[in-house]
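# Coordinate analysis (summary)
Each chain is listed here by its residues.
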Amino acid sequence: MFDQVTRTNEQNIAVIEINNPPVNALGYAVRKGILDCLKVAEADDAVTAIVIIGSGRTFPAGADITEFGTVMKEPHLPEVIDHIESCSKPVVAALHGTALGGGFEIALGSHYRIADANARVGLPEVHLGLLPGAGGTQRLPRLCGAAFALDVMLKGTPISAKAAKDAGLIDRITKGDLRRAAITFANEVRTVRKTCDETSQLKDHAAYRADLAAAHKMITTRMKGQIAPLKIIACVEAILEKPFHEGRQLERQCFMDCMASDQSKGMIHAFFAERSSAKVPEASRAEPRILETLGVVGGGTMGAGITVAALNGGLPVTMIERDTESIARGRGNVEKVYDRLVAKGRMTTNEKNTLMTLYTGSTNYNDLSNVDMVIEAVFERLDVKRAVFEKLDKVIKPGAVLASNTSYLNIDSISSATKRPDQVIGLHFFSPANIMKLLEIVVPEQAADDVVATGFSLAKRLRKVPVRAGNATGFIGNRILGKYGVCAAHMMEDGATPYEIDNALLDFGYPMGIHAMYDLAGLDIGWDNRKAAAPTRDPDTRYVTIADRICENGWFGQKTGRGFYIYKDGARRGSHDPEVLSIIADIRSKKGITPKSFSATEIMERYLAAMVNEGCEVLREGVALKPSDIDVTFVYGYGFPRYRGGPMKYADMYGVQKMLTNIQKYEKEDPVFWKPSQLLVDMVAQGKEFEDLNKG
Ligand code: CAA
Ligand code: NAI
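What you are looking at is a predicted structure, and each value in this text was computed from that prediction instead of being measured.

Calculation rules
Residues numbered from 1 in each chain as written. Chains lettered and ligands numbered in written order. Predicted model: local features only at pLDDT ≥ 70, side-chain atom pairs only at ≥ 80, totals over all residues. Heavy atoms only, no water. Pairing = 2+ DSSP bridges. Helix = DSSP H or I, 4+ residues; strand = E, 2+ residues; numbered from the N terminus. Axes fitted to C-alpha atoms, helices over the stretch in contact; angles between N-to-C directions. Buried < 20%, exposed > 50% of the residue type's maximum accessible area, 1.4 Å probe, protein only. Right-handed = clockwise from strand over helix to strand, strands pointing away. Near = heavy atom within 4 Å. Polar contact = N/O pair within 3.5 Å; in protein donor to acceptor, adjacent residues only side chain to side chain. Areas by Shrake-Rupley, 256 points an atom, 1.4 Å probe, with all protein chains shown as cover. Nonpolar A, V, L, I, M, F, W, Y, C, P; charged D, E, K, R; others polar. Disulfide = S-S within 2.5 Å. Phe/Tyr/Trp six-rings, centres within 6.5 Å; stacked < 30°, edge-to-face > 60°. Domains from an automatic or database assignment. Contact = heavy atoms within 4.5 Å. Buried area = accessible area lost by both parts, 1.4 Å probe. Salt bridge = Lys/Arg side-chain N within 4 Å of Asp/Glu carboxyl O.

### Things to note about the sheet that holds strand E1 (residues 5-10)
- Taken in spatial order, the 6 strands make up an open sheet running E1-E2-E3-E4-E6-E9, and their pairing is mixed. Each edge of the open sheet carries a strand with a single partner, namely E1 and strand E9 (172-174). Within this sheet the neighbouring strands show an average axis-to-axis angle of 20°, counted without direction.
- Pairing of E1 with strand E2 (residues 13-18), which is carried by 6 bridges, proceeds in the antiparallel orientation. Looking at the pairing, Thr8 lines up with Val15 of E2.

### Here we look at the pairing of E2
- With respect to burial, E2 is a largely interior element, 5 of its 6 residues being buried.
- Joining the antiparallel neighbours E1 and E2 is a turn of 2 residues, in which Gln11 adopts a positive phi near 55°.
- For E2 and strand E3 (residues 49-54), the ladder comprises 6 bridges, and the chain directions are parallel. Residue pairing for E3: Ile13 is matched across the bridge by Ala49.
- In the classification by handedness, the crossover that spans E2, the intervening helix H1 (residues 28-43) and the parallel E3 is right-handed.

### Remarks on the site of ligand 1
- Neighbouring residues of ligand 1: 25 residues in total, closest Arg57, Ala63, Glu105, Arg275 and Lys279.
- Between ligand 1 and the protein, one listed contact pairs a nitrogen atom with a backbone N or O atom of Ala63 at 2.8 Å.
- Residue Gly102 places a main-chain N or O atom 2.8 Å away from an oxygen atom belonging to ligand 1.
- For ligand 1, the accessible surface in isolation is 990 Å², of which the surrounding protein chains cover 72%.
- Among the elements that line the shell around ligand 1, the one with the most residues is helix H11 (residues 262-276), at 3 residues.
- Classifying every residue of the shell around ligand 1 by side-chain character gives 14 nonpolar, 5 polar and 6 charged.

### Remarks on the site of ligand 2
- The full set close to ligand 2 counts 23 residues, and Met302, Glu321, Glu380, Lys385 and Ser407 are the nearest of them.
- Contact between ligand 2 and Arg322: an oxygen atom at 3.0 Å from a side-chain N or O atom of the residue.
- Here an oxygen atom of ligand 2 and a side-chain polar atom of Glu380 are 2.6 Å apart.
- In isolation ligand 2 has 830 Å² of accessible area, and contact with the protein removes 80% of it.
- Only helix H13 (301-312), helix H16 (382-395) and strand E15 (424-429) provide two or more residues apiece to the shell around ligand 2.

### Some remarks on the state of the cysteines
- If you walk through the whole model with that rule in mind, you get 0 disulfides.
- Not part of a disulfide, Cys258 finds its nearest cysteine sulfur in Cys254, a span of 6.7 Å.

### Re the packing of aromatic side chains
- Within this structure, the stated rule accounts for 17 aromatic pairs.
- Judged by centre distance (5.4 Å) and plane angle (75°), the ring pair of Phe430 and Tyr638 falls under edge-to-face. Here Phe430, found in the loop between E15 and strand E16 (438-443), pairs with Tyr638, found in the loop between helix H26 (627-637) and helix H27 (647-654); they are 208 residues apart in sequence, far enough to count as distant. Here the two residues Phe430 and Tyr638 agree in accessibility, since each one is buried.
- Measuring from centroid to centroid gives 6.5 Å for Tyr565 and Tyr567, while their planes differ by 55°, and the two rings are tilted.
- Among the residues examined, Tyr567 registers a relative accessible area of 6% and is labelled buried.
- One aromatic cluster in this structure is built from Phe430, Tyr484, Tyr607, Phe634 and Tyr638.

### Some details on the domain arrangement of the protein
- For the protein, the assigned domains read domain 1 (5-259), domain 2 (281-473) and domain 3 (478-622 + 625-695).
- Using only C-alpha atoms to locate each centre, domain 2 and domain 3 end up separated by 30 Å.
- Between domain 2 and domain 3, the contact holds 13 residues from the first and 10 residues from the second.
- Of the roughly 1100 Å² buried between domain 2 and domain 3 on both sides combined, carbon and sulfur atoms contribute 63%.
- Linking domain 2 to domain 3 there are 0 residue pairs in polar contact (both at pLDDT 80 or more).
- Mapped onto the side of domain 2 that touches domain 3, the elements with two or more residues apiece are E16 and strand E17 (465-470).
- By residue number, the principal contributor to the side of domain 2 that touches domain 3 is E17, which donates 3 residues.
- Partitioned by chemical class, the residues of the side of domain 2 that touches domain 3 number 7 nonpolar, 3 polar and 3 charged.

### Description of the sheet that holds strand E7 (residues 120-122)
- Taking strand neighbours across the sheet as the criterion, the 3 strands line up as E5-E7-E8 in an open arrangement whose pairing is mixed. At either margin of the open sheet sits one strand with a lone partner, and together these are strand E5 (98-100) and strand E8 (159-160).
- The pairing of E5 with E7 spans 3 bridges and is classified as parallel. Residue pairing in the sheet places Leu100 in a bridge with Gly122 of E7.
- Strands in contact with helix H3 (residues 102-109) are E5 and E7; relative to E5, the strand with the most contacts, it is inclined by about 80°.

### A few points about unusual backbone geometry
- In this model, Pro21 is joined to Pro22 through a cis peptide bond whose omega is 5°.
- Following the sequence through the fold, Pro22 ends up in the loop between E2 and H1.
- For the peptide bond that leads from Ser431 to Pro432, omega is -5°, which places it in the cis range.
- Despite not being glycine, Arg463 shows a phi value in the positive range, around 60°.

### Quick look at the pattern of salt bridges
- Taken as a whole and judged by the stated rule, the model has 43 salt bridges.
- Residue Asp372 is joined to Lys397 by a salt bridge in which the shortest nitrogen-to-oxygen separation is 2.7 Å. Within this pair, whereas Asp372 is found in the loop between strand E12 (359-362) and strand E13 (373-376), its partner Lys397 is found in the loop between H16 and strand E14 (401-404), the two being separated by 25 residues in sequence.
- One connected set of salt bridges, linked through shared partners, spans Glu10, Glu17, Arg179 and Arg180.

Below you can see the structure in the form of structure tokens.
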């Protein structure tokens, strides 16, 4: 018998309790323990019914993901659940916390389900590139119909106990002592209830098929390229055509196919990468400071987005702007976000008003004297930022944390305007800041550990995914973006159109191409940066003027109706612009370049090679602590498809040796741009891959 599962008889009810912190994951010891306890309880004449419950914070939150990719020991979860379902005594699953994946499948295989009112249940396997592999695809639709089941499995988002009860997935909701309530329930039930008939009892096949078709349509747009959603639909469809046991066989086969795919390897990597990015040395050495109030300086695009993120996280915000007109606009920017949600029916006016009570607008810096942290989001100009920090230094209390949302500027050159540079960090949010998950936490050398730890605690409060970045130009993300952006410009000048490049990126799984992204962000930003960098640019580097020529026409992207694409009548999706192609052709002919054609494969190979090579430089310089932090940065901040794990994980799967060979081939064309990173060269020489560096 294993310690992770215990059985106690409470008079005539056997209580099987799972105790495998932190989330009671269903590893080997738990599976074996449940099965053994079940057999003993079934054979015990004194027992009339059985309760399965989790101890600690949750009912099992799923299979033990760390076991995936290893040879898993028997009993496997489907077998355990089949034993539960075929048990001769009623089995009651008592759910609390997050009953997810295999955990919820145990509940679905049980004869009755009781849940704590705050419990959440769901089948999130799709986020790991998988499908529910222990009967979930066959049991769930039989219990609640195709539409609801498909929604649960394709979105993968946990639902509340109430929503689950309304859908027929939970029999009873309780508040307070769940164990006691479950024992009472188990005493009331007398019969073993089969959840799954051998043949489906579904009556309305036409409606069921319509739900399948709708789900299919949804995934072809929103989950394009992903394998697991297609297989989920195939398994749900099988319910119409196959008996339960055959449906289970199909589900198992689909699960194994998904498990063997690079997509699930990428997504499982992303799951752990996301959790490990928050584990930084500073946060292990120091406790975060108290963080109950926030100041935001600047109420433009970013200041307003950061404010919304903070208000949503329950943090009161004092926003400072330059003058009365600007603060009115700042408040308006915040309200606009909520008004859109109200218009879409995703928020009530009351909810908006409640959140806005946490907001104070002001033009007086003294109003920040009591806040615990200030985030500056004013214009990207060093003189302006320094002036703001000088003022902040005079008014904020000792112990308050100061942060800048700068995109590129050196934090030291900002913090030196204060007498407390050790209290200053960078907090680089992404636009729109209330939506984008990534938060780069920029750590200058002088920053105190507890100041850095407070940055990470803010990220948690705002439900952001934090990544620690060193204080170097562009930090992790924008630095690497700069490099592959130039690579795209080279390809454009050499013969690819911006539209071919964007299409290759869309096919790879990006939600939008790089040129569409530039148009969205505004081409003037990059243009300003290039003009500022011109005096110090190395004359040996290849410089492509296409974007400059587009900007010279006053075409700054979506906001001017024209950039790399044309946006007719305010359209959000651009169409191809023949005049842009003429500009490119003109530049090529002036440089004497004969355009060559690029396949989508070559476009992606070059693009990713530039990304990974610069990623290696970022690692070599210590700007990122580990490759998986770069993966998290690109998945959560730059639209890199999560199912590919991130650029460094992708490189491992593609083959680091092959990627280095590509770079060495490109180096022959342009030795300045394509210098292979020494880190990559050494790694290949030692037979290592990025995963080894993650472990190291
Ligand atoms: N297996 C192994 N470890 C897990 C785990 C799992 N299923 N779920 C969470 N953990 C680990 C995390 O890695 C983390 O470990 P560290 O502290 O070492 O970083 C720890 O448990 C706590 O997790 P979180 O930090 O995520 O805690 P949280 O409170 O923010 O969230 C949670 C809890 C909602 C359960 C979240 O962890 C989660 O979503 N887990 C994954 C759930 C899931 O995907 N289940 C399906 C698994 S696949 C499956 O079950 C297939 C099948 O059909 C058989
Ligand atoms: P913005 O121009 O929309 O807003 C800047 C705001 O700062 C304006 O409302 C202005 O009135 C205010 N401001 C200027 N000087 C001030 C002062 N002395 N005191 C108080 N308020 C002052 O700019 P945006 O886009 O919000 O950018 C802000 C910062 O965030 C910049 O450093 C930028 O590089 C960075 N950033 C921008 C991103 C984006 O996508 N826009 C993404 C990530 C970071």
